[in-house]
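Analysis of the macromolecular model
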Amino acid sequence: MKCYLQRENINTNCSDLHSWSYPTNIDIPLLIKGCIALIIINAALSISVICSNAAVIFTILRTPSLKKPSNYLILVLALADLGVGALVAPCFCVTIACTLARNYQCLISSKDVYTITGSIFITASIWTLAALTADRLIAITLHLRYREIVTVVRTGVICTIIWIFAILSSLSWLSSIIPFLISTNLTGLIILITILFMAKIELVIRRHSRQIRLKESIVLCYFPFFVFYWLLQSSISPPIILFKIFETLMFANSLLNPIIYFWRINELRIAGRQLMRRFFQLVAEAPH
């Protein structure tokens with residue numbers, strides 16, 4: 001996920017950054033209000049993402065019956081989404097705040113941190129979601145051989161590869177280990193493959209309602225950003241405020257993931273309820 005402000009083109013000349021921060025062809029007061037709204041939305045989103053994904057992580061770790069390869073993928077997905085809520089979204093808010101305050105040194109530093117953390121956690125989230133979808137496709141098409149094909153060790157290897165790729169792609173912001181354009185386009189391709197896998201699952205199990213909601217959430221949250229990004233590679237320059245809105249939509253997927261998986265997986269939902277019930281009982285019984 002590369003920021004609109006290219007690192008190699010940044011210098012400390014305030015006039016250059018001023019032209020990025022406040023384009024002359026839009027309503028400046030409206031832009032400022034929109035940026036403030038984005039900060040508020042992302043702050044609330046950050047808290048929600050942290051709480052929901054922490055609940056998923058805690059539930060899987062504390063429930064022995066949930067320790068299966070597919071649930072380990074959900075655990076890794078929740079860890080990536082937790083990083084989005086705990087690091088990426090707050091850094092996003094800081095970059096907008098620095099832009100509004102015209103604190104350009106802070107803007108440059110915060111954008112570096114935001115882009116690196118965003119590349120790591122969002123890439124890991126997208127690729128893990130693809131692995132989860134592939135896992136479900138294998139389960140319903142090769143169900144007799146599923147346990148033979150999908151093992152804890154192989155799942156661990158896949159997760160390790162995903163995180164290595166995510167880290168290397170983030171380092172391309174600072175170096176050329178993996179060209180950023182290649183890593184971003186690969187991630188966009190993975191989203192398309194994930195949607196195709198989901199369409200295949202729909203055809204096999206004929207349970208449209210649940211799968212469509214998951215597929216629609218991916219299309220809604222990720223497609224606008226990648227379409228915008230691909231437009232930026234051409235001569236088209238859409239308004240930057242749209243880019244910020246699409247980034248926020250991308251963060252929102254980190255909230256939708258735990259909600260969808262709690263809703264779809266009965267065992268996970270029941271275990272989560274039991275743990276929450278125990279937690280509130282302990283709180284109620286604690287001495288005041």
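Bear in mind that the values here come from a model prediction, so they are computed numbers and not experimental data. (Residues numbered from 1 in each chain as written. Predicted model: local features only at pLDDT ≥ 70, side-chain atom pairs only at ≥ 80, totals over all residues. Heavy atoms only, no water.)

The helix and strand inventory of the protein chain stands at 10 helices and zero strands. N-terminal to C-terminal, the α/β element order of the protein chain is α-α-α-α-α-α-α-α-α-α. Long-range pairs, those at least 24 residues apart, make up 75% of the contacts in the protein chain with a sequence separation of at least 6. Of the roughly 14400 Å² of accessible surface on the protein chain, a fraction of 69% belongs to carbon and sulfur atoms. (Helix = DSSP H or I, 4+ residues; strand = E, 2+ residues; numbered from the N terminus. Contact = heavy atoms within 4.5 Å. Areas by Shrake-Rupley, 256 points an atom, 1.4 Å probe, with all protein chains shown as cover.)

The next subject is the state of the cysteines. Tallying each qualifying case throughout the model produces one disulfide. Between the sulfur atoms of Cys98 and its disulfide partner Cys106 the distance amounts to 2.4 Å. Note on Cys98: relative accessible area 6%, which makes it buried. The closest cysteine sulfur to the non-disulfide-bonded Cys91 is located on Cys93, 9.2 Å from its own sulfur. What makes Cys91 buried here is its relative accessible area of 16%. (Disulfide = S-S within 2.5 Å. Buried < 20%, exposed > 50% of the residue type's maximum accessible area, 1.4 Å probe, protein only.)

Okay, the UniProt feature "transmembrane region" (unreviewed entry) in the protein chain next. The positions that UniProt labels "transmembrane region" (unreviewed entry) are, in the present scheme, residues 30–61, 73–101, 152–171, 177–197 and 218–236. Secondary structure across residues 73–101 divides into 100% helix and 0% strand, with the first and last C-alpha atoms of the span separated by 41 Å. The span residues 152–171 shows a helical share of 100% and a strand share of 0%, and its end C-alpha atoms are spaced 29 Å apart. (UniProt positions renumbered as here; feature names shortened; annotations may be inferred.)

The next subject is the packing of helix 4 (residues 104–141) against helix 9 (residues 240–264). Taken N-terminus to C-terminus, the directions of helix 4 and helix 9 make an angle of 40 degrees; their axes are 12 Å apart at the nearest point. Comparing their axes, helix 9 and helix 4 come out oblique. In this structure, the crossing between helix 4 and helix 9 has a hand that is left-handed. For the pair helix 4 and helix 9, the contacting residues are Lys111, Tyr114, Ile122, Ser125, Leu129 and Leu132 in the first and Lys244, Glu247, Met250, Phe251, Asn253, Asn257 and Tyr261 in the second. (Axes fitted to C-alpha atoms, helices over the stretch in contact; angles between N-to-C directions. Parallel < 35°, antiparallel > 145°, perpendicular 65-115°, else oblique. Left-handed = near helix turned anticlockwise from the far one by under 90°.)

This brings us to a nonpolar patch on the surface. There is a patch of nonpolar side chains on the surface, built from Leu186, Leu189, Leu192 and Ile193 and spanning about 280 Å² of accessible area. Mapped onto the secondary structure, Ile193 falls in helix 7 (residues 180–205). When its relative accessible area of 30% is taken as the criterion, Ile193 is described as partly exposed. (Patch = residues over 30% accessible without salt bridge, like charges linked within 9 Å, V, L, I, M, F, W, Y side chains within 5 Å. Salt bridge = Lys/Arg side-chain N within 4 Å of Asp/Glu carboxyl O.)

This part takes up unusual backbone geometry. Glycine aside, residues mostly have negative phi, and peptide bonds are mostly found in the trans state. Positive phi, normally seen in glycine, also occurs at Arg102, with a value near 60 degrees. As for its placement among the helices and strands, Arg102 is situated in the loop between helix 3 (69–101) and helix 4.

Right, let's get into the packing of aromatic side chains. Within this structure, the stated rule accounts for seven aromatic pairs. A centroid spacing of 6.4 Å and a plane angle of 90 degrees characterise the contact between Tyr114 and Phe251, whose relative ring orientation is edge-to-face. Taken together, the positions of Tyr114 in helix 4 and Phe251 in helix 9 put the pair 137 residues apart, joining distant regions of the chain. On the accessibility criterion, Tyr114 (0% relative accessible area) is buried. (Phe/Tyr/Trp six-rings, centres within 6.5 Å; stacked < 30°, edge-to-face > 60°.)

Another aspect to go through is the pattern of salt bridges. By the definition in use, this model includes four salt bridges. A salt bridge links Glu148 to Arg145; the nearest nitrogen and oxygen atoms lie 4.0 Å apart. Linking Lys244 and Glu247 is a salt bridge whose minimum nitrogen-to-oxygen distance equals 3.6 Å. One end of the pair is Lys244 and the other is Glu247, both in helix 9 and three residues apart, which spans about a single turn. Note on Glu247: relative accessible area 0%, which makes it buried.

Right, let's get into the packing of helix 3 against helix 6 (residues 152–171). Packed helices, taken two at a time, are described by the angle their axes make and the gap between the axes. Two numbers describe how helix 3 lies on helix 6: the axes approach to 9 Å, and their chain directions differ by 20 degrees. Here helix 6 runs roughly parallel to helix 3, going by the angle between their axes. Our pair here, helix 3 against helix 6, has a crossing hand that is right-handed. Of helix 6, the residues touching helix 3 (which contributes Pro69, Tyr72, Leu73, Val76 and Ala80) are Val152, Thr155, Cys159 and Trp163.

Next up on the list: the side chain of Thr95. With respect to the secondary-structure elements, Thr95 resides in helix 3. Residues within four places of Thr95 in sequence aside, it is in contact with Leu107, Ser110, Lys111 and Tyr114.

With 20 residues, helix 6 ought to run about 28 Å at 1.5 Å a step, and its terminal C-alpha atoms sit 29 Å apart, in line with that. Burial in helix 6 covers these residues: Thr155, Cys159, Ile162, Phe165, Ala166, Ser169 and Ser170. All buried residues of helix 6 fall inside an arc of 135 degrees around its axis, so they share one side. Seen from the buried face of helix 6, the exposed residues on the opposite side, beyond 90 degrees, are Val153 and Ile161. (Expected span 1.5 Å × (residues − 1). Arc of directions from axis to C-beta.)

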